[in-house]
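# Close look at the chain arrangement
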Amino acid sequence: MKVESNHKQPKLEVRVKNIIEVDGLKFKDLNNSGKLEPYKDWRLSPKERAENLVSLMNIDEKVGMMLINTRKMGLSQEDKSKTSHDGVLDEAIVEKGESIFAVSKIYGTSHTIENMHLRHFILRDNFSPAEMAEWVNKMNELCEGTRLGIPCLIASNSRNENGESIFGMNDAVGIFSTWPGTLGLAAAAKGDIKNGGDASLISQFAKIAHDEWDATGIRKGYMYMADTATDPRWQRTYGTFGEDPEFISDAIGRIIDGFQGETLGSHSIAMTTKHFPGGGARENGFDPHYEEGKWNLYPTPGSLEKYHLPPFQAAVEHGTSSIMPYYSIPRINKSVVQEFEGEDIPFEEVGFTFNHYFLQHILRGKLGFKGYINSDSGVTNKMSWGVEDKTEAERFSKAINAGTDLVADTNDIENLKEAIQNGWISEKRIDEANVRLLTEMFTLGLFDDRTYVSTENATAVVSKQAGWEAAYEAHKKSVTVLKNSNQTLPLTAEKVDNKKVYVEAFHKEPERAAAYTEQARKECQELGLFTLTDDYKEADVAILLLSPKSGAYFNATPGLLELELVENKTLTALDGSTYEETTLSNMNHLKEVADSIHVRGGKVIMTVNVVLPWILGNVEPLADVLIAGYDTFYKAQFEVIAGNFRPVGVLPLTLPASEAVIAVDENGDCVSRNDVPGYDKDKYMPEGLSYAYKDSDGNIYKLGHGLAY
């Protein structure tokens, strides 16, 4: 056995097992054998150690290694008798069907680790850094006590962006340094580029977020989305870096370098880049979390290679640790033949997790991906598009034989084991997946000096002021001025001298609007820039903050997703019936406020939270100033309005002109191409239609638009 002599003794901590000494060096005796098997030897390469460990594992341990499931912390368990380890670990049993993610029965933490052998877990809870670090430690203490002492790896969705909390999407907001939404990062960085700089704001974001994750022991990120947003109705647009494949590629490369480092190592946060080969080419915006959205369409020659694959190519080049394929199915009868590097791509109508050609030929073969493939949540049960007619065991075999190594948000060891015992998945393939998964764990130092983390350090790192200040700076930079009639902005002290300013927030849900109004007024008051009034009838200036909402992730809307800002609008469902939709409540009041201000010769400043590419025709004419934010703090918006900070942000995507440019006919075909970004849609539009919104001042709300003063 070749042992490199230049390795330094890592600082090892054990809580259950012993430390042994060999050649004057210390090693963890993770299986209590008293011997130094290769997997315990930190002088060997991660791959050698993984291969040795796999040779020692039984079939149940290998099966458990290939599943990742959501795991709650003991702190979120109200019944403390259902916890262990001083209340830190959750031991409750959740019966099948009790939550969207409980597609099979969920067992307590100890049973899941000791008897089901799972070692990958998704954390969606949002407690303090010290509490999360302590939970990670107790999880690993439990793991250390098992037969082979294999540690666990904790994954999470992004935790550093502001936004309304949505379970399963952005679960965790406000504990780590809080930046604008992903679109806001794109708006700010693209603004810097427009001003002659580069996208280093993204690198700074990744570096600061990395340090926070590393300190708390969450070592795997289900992020970021490398998807190019091409279908305007896609619910997940807010989590993308916009519609420009070149920019997205640059951003994704910087994200991976910042979180993982130059190469994966003991202080890396391993990235899972998603959703291969690009989730943006939706069929009229329906999402594959439900059946109506199971199709990806490619009606445009060359679109897959030109717009959707480049960011994944960048992710592979920067060494992303794993890649998550999308749920969706490529649709033959609504697509033209796509090519990659001169070869026609055969479309098999199964979800990309089950798609052998996309995973093996394109991702591994052509792009040269070396990491592992991590499915999206629920592919063997709820979201098994294209293989709905197969049993769950057959779905496992289809996914794993296609190249998927880790199946997400399930603890269904029975069906995976059944597939192996029936001979549908070879032992060689199971071992290959385990070696890939364990190689990552060894590389991350989880078997050696990074099993446990310091709770004090977690608190100290996350509370570093510099991180929060950099995040706030990004909020200010993300603010995008779309319209500024007659140089209304900046609202400098001279301009507002003796004038009264009225602030109100609007939302789809009136009770949220009330809470946001209170928050916005408080933040505006704290800045001390304006004389505020609670009565718009006496105001000279109104600042109206709009947060529209449309649709939901896990349920289809009866008809197409509404992008106009409307209240009680009658729409036609796909089945021909009618229903009403509201994306913003109190629209009449909004108009009343604007009219009242204008009658007195005052100015209306309106900001819109762009989480979808809204159609702004119902509100833009009411505004002298129109601003786009992206889950951007109100305070940052007020600073730009007041001229404390000069606007930098530009649109990371194109806003559609009207319903007419996204109209869908009776055959389900959209007038603008689902698979082409907004900036290029005009190439394919019918005569006389232009895709981008044009305001009353003649500004065109296209990718890259943003005014300065």
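Please refer to the structure higher up on the page.
Here's a quick rundown of the structure. (Residues numbered from 1 in each chain as written. Predicted model: local features only at pLDDT ≥ 70, side-chain atom pairs only at ≥ 80, totals over all residues. Heavy atoms only, no water.)

### Observations regarding the packing of helix H4 (residues 129-144) against helix H14 (residues 455-462)
Where H4 meets H14, the axes come as close as 8 Å, and the angle between the chain directions of the two elements is 145 degrees. Along this stretch, H4 crosses H14, giving a crossing that reads as right-handed. Packed against H4, whose contacting residues are Pro129, Ala130, Ala133, Glu134 and Asn137, the element H14 presents Thr455, Ala458, Thr459 and Val462 at the interface. Residue composition of the contact of H4 with H14, by class: five nonpolar, three polar and one charged. (Axes fitted to C-alpha atoms, helices over the stretch in contact; angles between N-to-C directions. Helix = DSSP H or I, 4+ residues; strand = E, 2+ residues; numbered from the N terminus. Left-handed = near helix turned anticlockwise from the far one by under 90°. Contact = heavy atoms within 4.5 Å. Nonpolar A, V, L, I, M, F, W, Y, C, P; charged D, E, K, R; others polar.)

### Describing the sheet that holds strand E23 (residues 603-609)
Strand order in the open sheet made by the six strands is E17-E24-E23-E20-E18-E19, with mixed pairing throughout. Each of the sheet's edge strands pairs with one partner strand only, and the pair in question is strand E17 (480-484) and strand E19 (531-533). Going across the sheet, the axis of each strand differs from the next one's by a mean of 25 degrees, ignoring polarity. Of the strand pairs in this sheet, strand E18 (residues 500-507) and E19 are connected by three bridges, and their pairing is parallel. (Pairing = 2+ DSSP bridges.)

### Structural notes on the side chain of Thr607
Relative to the helices and strands, Thr607 is located in strand E23. Of the polar contacts made by the side chain of Thr607, one reaches the side chain of Gln637; its length is 2.9 Å. The residues touching Thr607, leaving out its near neighbours within four places in the chain, are Leu544, Leu545, Leu546, Ile627, Gln637 and Ile641. (Polar contact = N/O pair within 3.5 Å; in protein donor to acceptor, adjacent residues only side chain to side chain.)

### Quick look at the sheet that holds strand E7 (residues 153-156)
Around the barrel, which closes on itself, the eight strands sit in the order E3-E6-E7-E8-E9-E11-E15-E16 with parallel pairing between neighbours. Where strand E3 (residues 67-70) meets strand E6 (residues 120-122), three bridges bridge the pair, whose relative direction is parallel. Counterpart to Ile68 in the pairing with E6 is His120. Those strands touched by helix H9 (residues 310-317) are strand E9 (270-276) and strand E11 (322-325), and its axis lies near 160 degrees from that of E9. The sheet strands contacting helix H13 (residues 427-443) are E6, E7, strand E8 (220-221), E9, strand E15 (372-377) and strand E16 (406-408), and the helix crosses E15 at an angle near 100 degrees.

### Section: H4
The end-to-end C-alpha separation of H4 is 22 Å, in line with the 22 Å expected for 16 residues at 1.5 Å each. Most of H4 sits inside the fold, with 13 of its 16 residues counted as buried. (Expected span 1.5 Å × (residues − 1). Buried < 20%, exposed > 50% of the residue type's maximum accessible area, 1.4 Å probe, protein only.)

### Some words on the nonpolar core
Grouped together as the largest cluster of nonpolar side chains are 125 residues, with contacts concentrated most on Phe241, Phe259, Phe276 and Leu438. Apart from residues lying up to four places away in sequence, Phe276 is in contact with Leu309, Phe312, Ile323, Met324, Pro325, Tyr326, Phe352, Phe358, Leu359, Ile362, Leu363 and Leu367. If you look at the next biggest cluster of nonpolar residues, it comprises 45 residues, including Leu546, Leu563, Ala594 and Leu616. (Core = buried A, V, L, I, M, F, W, Y, C linked by side-chain atoms within 4.5 Å.)

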